[in-house]
Every structure is written in structure tokens, then in C-alpha cells.
Amino acid sequence: MDSLVYATIKKITEKIEQNKDFLTDLDREIGDGDHGINMTRGFTAVLTKISLDDDLDISSTLKKVGMTLLSTVGGASGPLYGSAFLKASAALKDITTLTAPVLGKILTASLTGIKERGKAVKGDKTMVDALEPACDAFVFALSQNASCLECMDQAIAAAKLGVEYTKSIAAKKGRASYLGARSIGHQDPGATSVLIILEAIREVINR
Ligand code: ADP
Ligand code: MG
Ligand code: MG
């Protein structure tokens, strides 16, 4: 498999594990305290199912990741991240190298997958609040002929603002929505895991 793709999945897993308690603590405040646990379980399972020696193109790799997340993460985030990777897989048929435009396609398709599955829009205090601005920023930077790293930097800056924004709003989707206005003041765990994943991608691009 593409070594950059493999390194990225490995880095995502590493960073999710490092942030397991942080994500779980955030989820304890406005959910059921398992987001870090769910995500770590999912990506750890992914790493056991793929290897650098696999004869898989990018699309097939993303499909395997999506299927594994669907079957192991559980909770709301499992089907959502699962759909993200499956949608990205479907958007990348016949693509063999991970370039900036391909990464743009992956991010855009992931967002579509999450929105189709979860029906959340910006302002609902979900992963969409980090991923949508990140996608927009990436695609805009790409249109200005920015490098892949620059595109990713713009995406991450936008995702950070998105995560901050989730503190100021009440949840309208997911468990946190049961709290209504009491969810205000708390950072959304799913938006935070989106940011962590983007930061992992950036680290690998920057090598
Ligand atoms: P659960 O809430 O089932 O325990 P997790 O804790 O793993 O699942 O994930 C919670 C995160 O999932 C939330 O912080 C939020 O970002 C995201 N989420 C929940 N519902 C939706 C939805 N409909 N659309 C997008 N994201 C959602
Ligand atoms: Mg939870
Ligand atoms: Mg749960």
C-alpha cells in the first residue's frame, strides 16, 4: 500500500491514543464519557487489519478503514467516521498517489459522508463544526495553488476556530443535545477528534 497513506493512518492512531483521556474527559462533560475510548478502540483495530505490505490502492485502504471503524467504534462516532472513510473511498477510484487535490477530495467526501449520515449542519455542535470550515479552507488554499502543507495549515487553523466555536453554542445533535443550553461552554469531543486527525495528517505531510 502507499507508504504515505499507511504512515498517516498510523499517525492518526498514535495521536488518538495520546488524546484518549482528553477526548473522554470532554465527552464526560456533555456526553457519556467514551469518545476517546471509542476512537482508540476503532483505530487500534484498523492498525491490526492493515499492513504496509498489503496490495491495496488508496480507495481500498480507506474502505477497509471505514468498515473497521463501523464495526468497532460503536456510539455515534463509529457510523459517522465509518461513513466518512467509505465516502472518501468511493470518491477515489483509480487514484494511486496521495497529492494535495486527492487529499482535498478525501476531506470533502468525508464531510459529505458525515453530513449524510448524521444530518448535522454547521452550528449543531458536532464534528461538522470543525470539518466543514477545514474543508472549505483546504479547497480555497488549493485553488490559490498553495502547497499541500499550506493547504493543511489553513485547514487546521479553520478547524481550531471551529472547535472554539463549539464552546459557544448549544448542541442540537447527538447525546450532548439532551443537555440543551447546558452544553454551552463545553468543547465538542467529536469536533476535537476531527482536529486531532487533521493534525496527524499534517505531521506526516511535513516529514
Ligand atoms: P456517543 O455519543 O454515542 O457516545 P461518541 O462519544 O463516540 O458517541 O461521539 C460523540 C461525538 O459524535 C459528538 O461529540 C459529536 O461531535 C459527534 N456527533 C454526534 N451526533 C452527530 C451527528 N448527528 N452528526 C455529526 N456528529 C455527531
Ligand atoms: Mg460518547
Ligand atoms: Mg457512547
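Counting from 1, residues in each chain are numbered in the order their sequence is written. Following the order in which they are written, the chains are lettered starting with A and the ligands numbered starting with 1. Reporting in this predicted model follows two pLDDT cut-offs: at least 70 for local features of residues, and 80 or more for side-chain atom pairs to be given and counted; totals over whole chains, interfaces and linings ignore these cut-offs and use all residues.

Caption draft 1: Examining the overall build of the protein chain more closely. Counting from the N terminus, the helices are DSSP H or I runs at least four residues long and the strands are E runs at least two residues long. Along its length, the protein chain carries 9 helices and 0 strands. Start at the N end of the protein chain and walk to the C end: the helices and strands fall as α-α-α-α-α-α-α-α-α. What you see for the protein chain is a C-alpha radius of gyration of 16 Å, in line with the 17 Å of a compact globule of 207 residues. Its C-alpha atoms give the protein chain principal-axis dimensions of about 50 × 40 × 30 Å. Buried residues in the protein chain amount to 47% of all 207 residues. Contact criterion: two residues are in contact if their C-beta atoms, reconstructed from the backbone, are within 7 Å. In the protein chain, once contacts between residues fewer than 6 apart in sequence are set aside, the share between residues at least 24 apart is 65%. What the globule rule says is 2.2 Å times the number of residues to the power 0.38, and the radius of gyration is computed from C-alpha atoms. Every C-beta atom is placed from the backbone, and the number of other C-beta atoms within 10 Å of a residue's own sets its class: buried at 20 or more, exposed at 12 or fewer, partly exposed in between.

Caption draft 2: Main features of the site of ligand 1. Think of it this way: take the backbone, place a C-beta atom on it, and check whether that atom is within 6 Å of the molecule or strand, in which case the residue is near it. Taken together, 24 residues sit near ligand 1, with Gly 75, Gly 118, Thr 126, Gly 174 and Gly 190 positioned nearest. Residue contributions to the shell around ligand 1 peak at 3 residues, all from helix H9 (residues 189-205). Amino acid classes used here: Ala, Val, Leu, Ile, Met, Phe, Trp, Tyr, Cys and Pro are nonpolar; Asp, Glu, Lys and Arg are charged; the rest, including Gly, are polar. Considering only residue class, the shell around ligand 1 consists of 8 nonpolar, 9 polar and 7 charged.

Caption draft 3: A look at the confidence of the model for the protein chain. Looking at the protein chain as a whole, its pLDDT mean stands at 97, while 100% of the residues score no less than 70. As a predicted assembly, this complex carries a pTM of 0.98 together with an ipTM value of 0.99. Per residue, pLDDT captures the predictor's confidence, and it can take any value from 0 to 100.

Caption draft 4: Main features of unusual backbone geometry. The phi dihedral of Asp 94 falls on the positive side, at around 70 degrees, and the residue is not glycine. Backbone geometry at Lys 125 places phi at a positive 65 degrees, although glycine is not the residue there. Residue Lys 125 is classed as buried on the basis of its C-beta count, with 28 C-beta atoms lying within 10 Å.

Caption draft 5: Broad picture of the packing of helix H2 (residues 20-30) against H9. To get an axis, fit a line to the C-alpha atoms, keeping to the stretch in contact for a helix; angles then go from 0 to 180 degrees between the N-to-C directions. It is the contact of H2 with H9, at a shortest axis distance of 9 Å, that shows an interaxial angle of 160 degrees. Classed by the angle they form, the pair H2 and H9 counts as roughly antiparallel. When you trace H2 past H9, the crossing you get is right-handed. Residue-level inspection shows Leu 23, Leu 26 and Asp 27 of H2 in contact with H9, the latter providing Pro 189, Thr 192 and Ser 193. Note that the term roughly parallel is reserved for angles under 35 degrees, roughly antiparallel for angles over 145, roughly perpendicular for angles of 65 to 115, and oblique for everything else. What makes a crossing left-handed is the near helix being turned counterclockwise from the far one by less than a right angle; a clockwise turn instead makes it right-handed.

Caption draft 6: Local environment of helix H8 (residues 148-167). Its 20 residues give H8 an end-to-end C-alpha distance of 29 Å, which sits within 8% of 28 Å, the value for a rise of 1.5 Å per residue. Inspection of H8 places Cys 148, Cys 151, Met 152, Gln 154, Ala 155, Ala 158, Ala 159, Gly 162, Val 163 and Thr 166 among the buried residues, and these make up the whole buried set. Of the surrounding elements, those touching the buried residues of H8 are helix H6 (100-118), helix H7 (128-143) and H9. Multiplying 1.5 Å by the residue count of a helix minus one yields the expected span of that helix.

Caption draft 7: Structural detail: H6. Under the 1.5 Å per step criterion, the end-to-end length of H6 is 27 Å for 19 residues, consistent within 8% with the ideal 27 Å. When H6 is considered as a whole, its buried residues turn out to be Leu 103, Ile 106, Leu 107, Ala 109, Ser 110, Leu 111, Gly 113, Ile 114, Lys 115 and Gly 118. Contact partners of the buried residues in H6: helix H5 (77-91), H7 and H8. Just past H6, the residue Lys 119 takes up positive phi, approximately 60 degrees.

Caption draft 8: Focus on the nonpolar core. One nonpolar core equals one set of buried Ala, Val, Leu, Ile, Met, Phe, Trp, Tyr and Cys residues connected by C-beta atoms within 7 Å. Among the nonpolar cores identified, the biggest contains 54 residues, and Ala 130, Leu 131, Ala 134, Ala 155, Ala 159 and Val 194 are the most heavily contacted of them. Not counting chain neighbours up to four residues away, the residues in contact with Ala 134 comprise Leu 107, Ala 155, Ala 158, Ala 159, Gly 162 and Leu 198.

Caption draft 9: Seen up close, the packing of helix H3 (residues 35-49) against helix H4 (residues 58-72). The contact between H3 and H4 brings their axes to 9 Å, and the two run at 135 degrees. Taken as axis vectors, H3 and H4 run oblique relative to one another. H4 is crossed by H3, and the crossing has right-handed handedness. Mapping the contact onto sequence places Arg 41, Gly 42, Ala 45, Val 46 and Lys 49 in H3 and Lys 64, Val 65, Thr 68, Leu 69 and Thr 72 in H4. Looking at the contact of H3 with H4 residue by residue, the class counts come to 4 nonpolar, 3 polar and 3 charged.

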